[in-house]
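Descriptive structure summary
Chain residues, written in single-letter form:
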Amino acid sequence: MTEIVPEQERHKLYEDAMALTLGTLFVSLGMLIYSKTVLLVGSTAGLSLLLSYISGYGFGISFFLLNLPFYVLAVRRMGWPFTIRTFVAVGLVAVFSRLTTSWVDIAEINPIYATVIGAGLTGTGLLMLFRHRTGLGGINILALYLQEHWKIRAGYFQLAVDFLIMIAAFFVIPVNRLALSILGIVIVNVIIAINHKPGRYMALS
């Protein structure tokens, strides 16, 4: 018996725009919560937070600049539409991260709650972006490129990068914050793993 595969519906422009706006707002708020409690995430965002703790510069500018070298790989690996959406999303996160500090004033927040809600916001924001064929991390693009051209497993490479970020963070943030950061990384990845499975969401951008 032949299985009937439903036709994939293409996202409309306003749907992509809404996903990019809300997704980047969610991620930006998650990063604000993490920065207020000196926590980290993985990938390029985590490296940007770590640099902001070391240098004193804001997360947004570090995040935007760190992603610039990876757009060439994005064009080769994912094509122009993905690259343009990713560039816009990264720019929005950089801008919103700056603006959110004036929109939201966090005087005090419990670190454990900050870990869970910050990871929840970040994971949900990333899920919105992924479902609209948009990325945020340059390291993710590099991982896909290395897998395609050098047969290095993307998941292992990203895990190795996150591990190195955590090692570097050991010398920058308190150990209890480092442990909570690892918990946050697990939460983000579980959200994406559970909700972003092939065939579960059929629309295209």
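Use the structure listed above.
What counts and how
- Residues numbered from 1 in each chain as written.
- Predicted model: local features only at pLDDT ≥ 70, side-chain atom pairs only at ≥ 80, totals over all residues.
- Heavy atoms only, no water.
- Helix = DSSP H or I, 4+ residues; strand = E, 2+ residues; numbered from the N terminus.
- Rg over C-alpha atoms; globule rule 2.2 N^0.38 Å.
- Contact = heavy atoms within 4.5 Å.
- Lys, Arg positive; Asp, Glu negative; His and termini not counted.
- Charge placed at Lys NZ, Arg CZ, Asp CG, Glu CD.
- Axes fitted to C-alpha atoms, helices over the stretch in contact; angles between N-to-C directions.
- Parallel < 35°, antiparallel > 145°, perpendicular 65-115°, else oblique.
- Left-handed = near helix turned anticlockwise from the far one by under 90°.
- Nonpolar A, V, L, I, M, F, W, Y, C, P; charged D, E, K, R; others polar.
- Core = buried A, V, L, I, M, F, W, Y, C linked by side-chain atoms within 4.5 Å.
- Buried < 20%, exposed > 50% of the residue type's maximum accessible area, 1.4 Å probe, protein only.
- Phe/Tyr/Trp six-rings, centres within 6.5 Å; stacked < 30°, edge-to-face > 60°.
- 1 Å grid on protein atoms, 1.4 Å probe; cavity = no way out; pocket = protein on both sides within 12 Å on 5 of 7 lines; lining within 4 Å.
- Points joined across faces, edges and corners; volume = space filled by probe spheres on them.

The number of helices and strands found in the protein chain is 9 helices and 0 strands. In sequence order, the protein chain lays out its α and β elements as α-α-α-α-α-α-α-α-α. A globule of 205 residues ought to have a C-alpha radius of gyration of about 17 Å, and the protein chain, at 17 Å, matches this closely. Here the C-alpha coordinates of the protein chain stretch approximately 55 × 40 × 35 Å along the principal axes. Intrachain contacts of the protein chain at a sequence separation of at least 6 include 74% that bridge at least 24 residues. Side chains of the protein chain carry 14 positive and 9 negative charges; the gap between the two charge centres is 6 Å.

This brings us to the packing of helix α1 (residues 13-36) against helix α5 (residues 80-103). Two elements in contact, α1 and α5, have axes whose closest approach is 8 Å; the angle formed by their N-to-C orientations is 50 degrees. As summarised for this structure, α1 and α5 are arranged oblique, according to the angle between their axes. Here α1 runs over α5; the crossing is right-handed. Contacts between α1 and α5 involve Leu20, Thr21, Thr24, Leu25, Val27, Ser28, Leu29 and Leu32 on the former and, on the latter, Arg85, Val88, Ala89, Leu92, Val93, Phe96, Ser97, Thr100, Thr101 and Trp103. Its residues assigned to classes, the contact of α1 with α5 shows 11 nonpolar, 6 polar and 1 charged.

Met31, Leu40, Leu49, Phe59, Phe63 and Leu136 are the most contacted members of the largest nonpolar core, which has 37 residues in total. Per-element accounting of this core gives the leading share, 6 residues, to α1. Among all residues touching Phe59, those that are not within four sequence positions of it are Met31, Ala45, Ser48, Leu49, Ser52, Val93 and Ser97. With 6 residues, the next largest nonpolar core counts Leu73, Phe82, Ile141 and Tyr145 among its residues.

To continue, consider the packing of aromatic side chains. For the coordinates displayed, the defined rule picks out 5 aromatic pairs. With centroids separated by 5.3 Å and ring planes inclined at 70 degrees, the aromatic side chains of Tyr71 and Phe87 adopt a geometry described as edge-to-face. One end of the pair, Tyr71, is in helix α4 (residues 71-78); the other, Phe87, is in helix α5, with 16 residues separating them in the sequence. Residue classification places Phe87 among the partly exposed positions, given a relative accessible area of 39%. With 5.5 Å between their ring centres and 90 degrees between their planes, Phe170 and Phe171 make a pair best called edge-to-face. The exposure class assigned to Phe170 is partly exposed, which follows from its relative accessible area of 48%. The class of Phe171 is exposed, set by a relative accessible area of 67%. Of the aromatic side chains, those joined through ring pairs into one cluster are Phe64, Tyr71 and Phe87.

Here the focus is the packing of α4 against helix α7 (residues 138-150). Relative to each other, α4 and α7 sit at 50 degrees, their axes nearing to 9 Å. As judged from the angle between their axes, α4 and α7 are oblique. Note on packing geometry: the crossing formed by α4 with α7 is left-handed. Two secondary-structure elements touch here, α4 through Leu73, Ala74, Arg76, Arg77 and Met78 and α7 through Ile141, Leu142, Leu144, Tyr145 and Glu148. Among the residues making up the contact of α4 with α7, the classes are represented as 7 nonpolar, no polar and 3 charged.

A word on the layout of surface pockets. Regions of empty space are outlined by a rolling probe, equal in size to a water molecule, passed over the atoms. Estimates place the volume of the second largest pocket at around 230 Å³. Contributing to the lining of the second largest pocket are Ser28, Met31, Leu32, Ser35, Gly58, Phe59, Gly60, Ile61, Ala94, Ser97, Arg98 and Thr101. If you list the elements that add at least two residues to the lining of the second largest pocket, you get α1, α3 (59-67) and α5. In terms of residue class, the lining of the second largest pocket is built from 5 nonpolar, 6 polar and 1 charged.

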